[in-house]
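What follows is each chain in one-letter form.
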Amino acid sequence: MKSAVETLNPTRVRLSIEVPFEELKDSLDAAYKKINQQVTVKGFRKGKIPARVIDQRFGRGAVLEEAVNDALPKFYTEAVNEAEIDVLGQPEVDITDLKDGETLNFTAEVDIRPSLEIPDYSGIEVEVDPVEVTDEDVEKSVEQLRERFASTSPVERAAEEGDVVTIDLEAKVEGEVLEDGVASGVSYTIGSGELLDGIDDAVKGLEAGGEATFTSELKGGSAAGKEAEVTVKVTQVAARELPELDDDFAQLASEFDTLEELRADSRKRLENMKQYDQATQAQERVLEKLLELVEVPVPEKLLEDEINTRKHNLEHHQLGQMGLDLEKYLEIQGKTAEEFETETKEAAVKGIKTQFVLDELVKQEKLNVNQEELTEHLMRRAASSGMSPDQFAQAVVEGGQVPLLVGEVARGKALAVVVEAATVKDTNGEIIDLDDEDDTEAAADVAAEATEADATEESEEKTEG
C-alpha cells in the first residue's frame, strides 16, 4: 500500500491511497465466505459454492464491492497511522479507481486536529473577587438553618405573609377545567413564590373556608404557557414558629453544643464555599486569557456537529425534564432565535478551542491521570448529574466514555498548570495563592463545562476524535 497526504487547510487533509490487488486477498476470501453463507445454489452444499460459480451467478462486481467495503477501514487506518495525523470524526471516502486484478485507488478527506503553538503563558494576570465572609452572611446562613426547623400550628385568623396555608386548586383554560389542573391539600408558604404568580395576593386575607379566583400563566402541565383562571380555596391557615436562637437550637440542628460553635462552623463553611468559587473564577478568567493568546483554527464539520449536539442536549434532555420546548425557553430567557443561534455557536467555538488548547498542553507538559484523580472526578460528576457514583460509573463504562472523563481530568490539570504560572489578584490587590486541591478540582469542572462534555450523552467519537 502507498499513501500520500495533501493538506487542504489547517484542519482538513486528503489522503490518497493506492492498494495493490494482492493485498485485497484476505478481504476477497472473506467476501466469498460471507456470500457463501447467504445464498444457495442448486447442486452445491451451503457454504461450499466455488468462487467461479458465485462470480457467474451473482457477478464478480458484488464480490469486489463486499471485499472493498471490508478492506477500506483497514487501509485507511494504516494510512492515518503512517502519516501520523490526529483525525477527527469520520472520513469522506471516494473510490477513484478499481481495476480487478490490478489495483484499488481511493481518497479519504477528513478533519484533523490542528497543530498549535502554545506561547509563554506565565505573564497572564487576572483579577477575582476576595474571600470575605461578613457577620451578616453568617447570620443569614444560621437563619436559613433556623427556617428548616420551623414548626407550624393552625390559627383562626386571616392568612398573612409567611403563613403556611393548605389549599385546593382548580385551573380553567377557556372555561374548561384541565384534567391535570385540579389539586387538593396543597401546602404553600405565602411569599415563597413556589406556585403560581398571583397566588400570594389571592390567599392573603382569607381565613379557612375562604375562596378567591385569579388569573395566572401556567408554568407546567398540559397547558403550560397559557393563561388560566385559577380558583383557590383555603382549608387551613397555620402560623410558622421559629425556634429560639440559643444553645438548645444548636444542639437540635447540629452536632455542636453552643450557638457560638454553630456560628463558627457556618463561617468556616461559607469561607470554604467562597474559596472554591474564587478558584473557579480564577480558572475561568485564566482560560479566557489563554484562549486569547493561541490562534486556533476550528474544523467546520466538527463545529457543525458540536452545535447540533448542544442543541439536541438542550432540547431533549434539559428542557424535556422541565416540560419546556425551545420556543417557550427562549420566551422565558427573553432571547430571539437568532440570538440563541449566535450564542450556541460562540459557546461551541469556545468549547472546541478549549479542548484543543488544553489537550496540547497535556501533551506539552506530559500530564497523566491516576486512578484516584479519575475516581474523585467521577464522584463529582455523579453528584452534579443527580446520580449515585455507582449508577454514573455504570453509565460511563457501558457508554464507552471512560476516555472522555480521563480527558476532562487531564485538561483540568493542564489548566491548573497555567493558573499556577499566572498572577491572580483579588480586587483588594492581594495576590491569591490557590490551594492545589481546590485549584485542580475547580479546573477539571471548568474545563468540562467549557467543552460541555457529558459522559452520559455525548459520543466518544465526537469528543475524542
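As the structure is a computational prediction, the values presented were derived from the model and not from experiment.

1. Remarks on the environment of Val237
- Along the chain, Val237 turns up in strand β10 (residues 227–241).
- Once the C-alpha coordinates of Val237 and Gly323 are considered, the two residues, 86 residues apart in sequence, prove to be 31 Å apart.
- The contacts of Val237, once residues within four sequence positions are left out, are Ser153, Pro154, Val155, Arg157, Ala159, Asp163, Val164, Val165, Leu206, Glu207 and Ala208.

2. A word on the pattern of salt bridges
- Counted according to the given criterion, the structure contains 31 salt bridges.
- A salt bridge links Glu109 to Arg14, with the shortest nitrogen-to-oxygen separation between them at 2.9 Å. Pair noted here: Glu109 is in strand β4 (residues 103–112) and Arg14 is in strand β2 (residues 12–20), with a separation of 95 residues, a long-range link.
- Using a relative accessible area of 25% as the deciding quantity, one classes Arg14 as partly exposed.
- Among the salt bridges present, the one from Glu66 reaches Lys34, with a minimum N-O distance of 3.1 Å. Separated by 32 residues along the polypeptide, Glu66 in helix α3 (residues 60–83) and Lys34 in helix α1 (residues 25–38) bring together distant segments of the chain.
- Classification of Glu66 by relative accessible area gives partly exposed; the value is 26%.

3. Observations concerning the sheet that holds β2
- Strand order in this open sheet of four strands is β1-β2-β4-β3, and the pairing throughout is antiparallel. In this open sheet, the two strands that pair with only one neighbour each are β1 (2–9) and β3 (87–99). Strand-to-strand twist across the sheet, computed as the mean angle between neighbouring axes with direction ignored, equals 20 degrees.
- Bridge analysis of β2 against β4 gives nine bridges, and the strand direction is antiparallel. Across the sheet, residue Ile17 finds its bridge partner in β4, namely Phe106.

4. With respect to the environment of Thr231
- With respect to the element layout, Thr231 can be found in strand β10.
- When the C-alpha atoms of Thr231 and Thr166 are compared, they prove to be 14 Å apart, with 65 residues separating the residues in sequence.
- If we skip the residues at most four places from it in the chain, Thr231 touches Asp168, Leu169, Glu170, Glu211, Ala212 and Thr213.
- Of the polar contacts made by the side chain of Thr231, one reaches the side chain of Thr213; its length is 3.4 Å.

What counts and what doesn't
Sequence order sets the numbering: in each chain, residues are counted from 1 along the sequence as written. Reporting in this predicted model follows two pLDDT cut-offs: at least 70 for local features of residues, and 80 or more for side-chain atom pairs to be given and counted; totals over whole chains, interfaces and linings ignore these cut-offs and use all residues. To get the side-chain values, all heavy atoms of the structure are used, and hydrogens and water are removed first. Only DSSP runs of H or I covering at least 4 residues are called helices, and only runs of E covering at least 2 are called strands; the numbering of each starts at the N terminus. Between two residues, a contact is recorded if the distance between any of their heavy atoms is within 4.5 Å. Each salt bridge in this description consists of a side-chain nitrogen of Lys or Arg and a carboxyl oxygen of Asp or Glu lying within 4 Å of one another. In this scheme, a residue with accessible area under 20% of its type's maximum is buried, one over 50% is exposed, and one in between is partly exposed, where area comes from a 1.4 Å probe on protein chains only. For two strands to count as paired, DSSP must find a minimum of two bridges between them. Interaxial angles span 0 to 180 degrees and are taken between N-to-C directions of axes, which are lines fitted to C-alpha atoms, for helices over the stretch in contact. Polar contacts, as counted here, are pairs of nitrogen or oxygen atoms within 3.5 Å of one another; within protein the pair requires one atom able to donate a hydrogen and one able to accept it, and residues that are adjacent in sequence qualify only if both atoms are side-chain atoms.

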